[in-house]
Amino acid sequence: SRILLIVQGNHGWQFDDGRTDEQLLAEAVGADWAEGQAFVNLVWPKRSITVMAHHGFGGSRMRSGDVRAFERDVLPYFDADLSLLGHSHDAHFSRYRPLVGISPGLRPIQTTRKRHAARCGSFLREYQPGKRVGYGEERLFPPSIIGYIAMEVGRDGITGDVVEV
């Protein structure tokens with residue numbers, strides 16, 4: 001397993017040469033870097049998936065707000081098997097109802113496409129005794145799950161689990 005893509009965030013640092021800490025991290029781990037939204041096709045001999053990744057937007061003190069944001073602002077408009085967002089500092093993976101369509105070509109057949117979405121987690125630690133009060137604590141945001149989503153693509157679909165660190 002490895003990191004394939006790092007998307008520009010909103011807590012980063014820009015150095016004098018114009019590069020950001022996210023760009024340097026991408027270079028260090030051998031990943032691609034995207035300034036905004038990115039679509040990536042992952043292709044294997046017998047399977048391929050389309051991934052849409054974006055830093056994210058909004059956020060909610062409750063997970064239901066994150067789920068609603070996917071259902072309202074992402075799934076209806078972006079054609080991807082897997083949609084990845086950050087920003088809310090939460091970590092969760094969801095399967096959504098399939099999308100019915102037709103296959104390309106001269107003899108199209110009806111298909112169903114399984115769709116999945118994840119909020120990718122956070123490494124921003126808030127509520128640390130003896131440390132300066134941070135952004136999240138100042139605004140009484142819920143503590144973040146410190147970790148990431150580990151995903152696996154198999155014959156039957158995509159699975160994802162929260163990995164706390």
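See above for the structure.
Keep in mind that this is a model prediction, so the values were computed, not measured. (Residues numbered from 1 in each chain as written. Predicted model: local features only at pLDDT ≥ 70, side-chain atom pairs only at ≥ 80, totals over all residues. Heavy atoms only, no water.)

Undergrad: Just checking my understanding: could you explain the overall build of the protein chain for this structure?
TA: Helix and strand counts for the protein chain stand at 3 helices and 9 strands. By residue count, 33% of the 165 residues in the protein chain fall in the buried class. Restricting the contact set of the protein chain to residue pairs at least 6 apart, pairs at least 24 apart contribute 56%. Accessible area for the protein chain stands at about 11300 Å²; split by element, carbon and sulfur atoms hold 53% of it. In the protein chain, the 20 positive side-chain charges and the 20 negative ones have mean positions that sit 8 Å from each other. (Helix = DSSP H or I, 4+ residues; strand = E, 2+ residues; numbered from the N terminus. Buried < 20%, exposed > 50% of the residue type's maximum accessible area, 1.4 Å probe, protein only. Contact = heavy atoms within 4.5 Å. Areas by Shrake-Rupley, 256 points an atom, 1.4 Å probe, with all protein chains shown as cover. Lys, Arg positive; Asp, Glu negative; His and termini not counted. Charge placed at Lys NZ, Arg CZ, Asp CG, Glu CD.)

Undergrad: It is not clear to me how the environment of Arg 19 should be interpreted in this structure. Could you clarify?
TA: Residue position: Arg 19 is located in the loop between β1 (5-7) and α1 (21-29). Judged by relative accessible area, Arg 19 falls into the partly exposed class, the value being 32%. Sequence separation between Arg 19 and Met 52 is 33 residues; the distance between their C-alpha atoms is 23 Å. Excluding anything up to four places from it in sequence, Arg 19 contacts Trp 13, Gln 14, Leu 24 and Glu 27.

Undergrad: Would you take a moment to explain the side chain of Ser 88 for this structure?
TA: Topologically, Ser 88 is positioned in the loop between β5 (82-85) and β6 (91-102). Engagement of the side chain of Ser 88 in a polar contact is seen with the side chain of Asp 66, the distance being 2.9 Å. The contact partners of Ser 88, leaving out residues within four places of it in the chain, are Gly 59, Asp 66 and Arg 119. (Polar contact = N/O pair within 3.5 Å; in protein donor to acceptor, adjacent residues only side chain to side chain.)

Undergrad: Help me understand the pairing of β5 in this model?
TA: Side-chain direction in a regular strand flips from residue to residue, so the side chains alternate between the two faces of the sheet. Because side chains alternate across β5, one face comprises the buried residues Leu 82 and Leu 84, and the other comprises Ser 83 and Leu 85, equally buried. As judged from the 4 bridges shared by β5 and strand β7 (residues 110-122), these two strands associate in the parallel manner. Pairing of Ser 83 across the sheet is with Ala 117, part of β7. (Pairing = 2+ DSSP bridges.)

Undergrad: Looking at this model, I keep getting lost on the pattern of salt bridges. Mind explaining?
TA: Pairing between side chains of opposite charge can happen when their charged atoms approach one another. Considering all chains together, one arrives at 8 salt bridges under this definition. The closest approach of N and O atoms between Arg 72 and Asp 73, which form a salt bridge, is 2.9 Å. Overall, Asp 73 belongs to the partly exposed group, its relative accessible area being 27%. Bridged by salt links that share partners, the residues Asp 17, Arg 19 and Glu 27 form one connected network. (Salt bridge = Lys/Arg side-chain N within 4 Å of Asp/Glu carboxyl O.)

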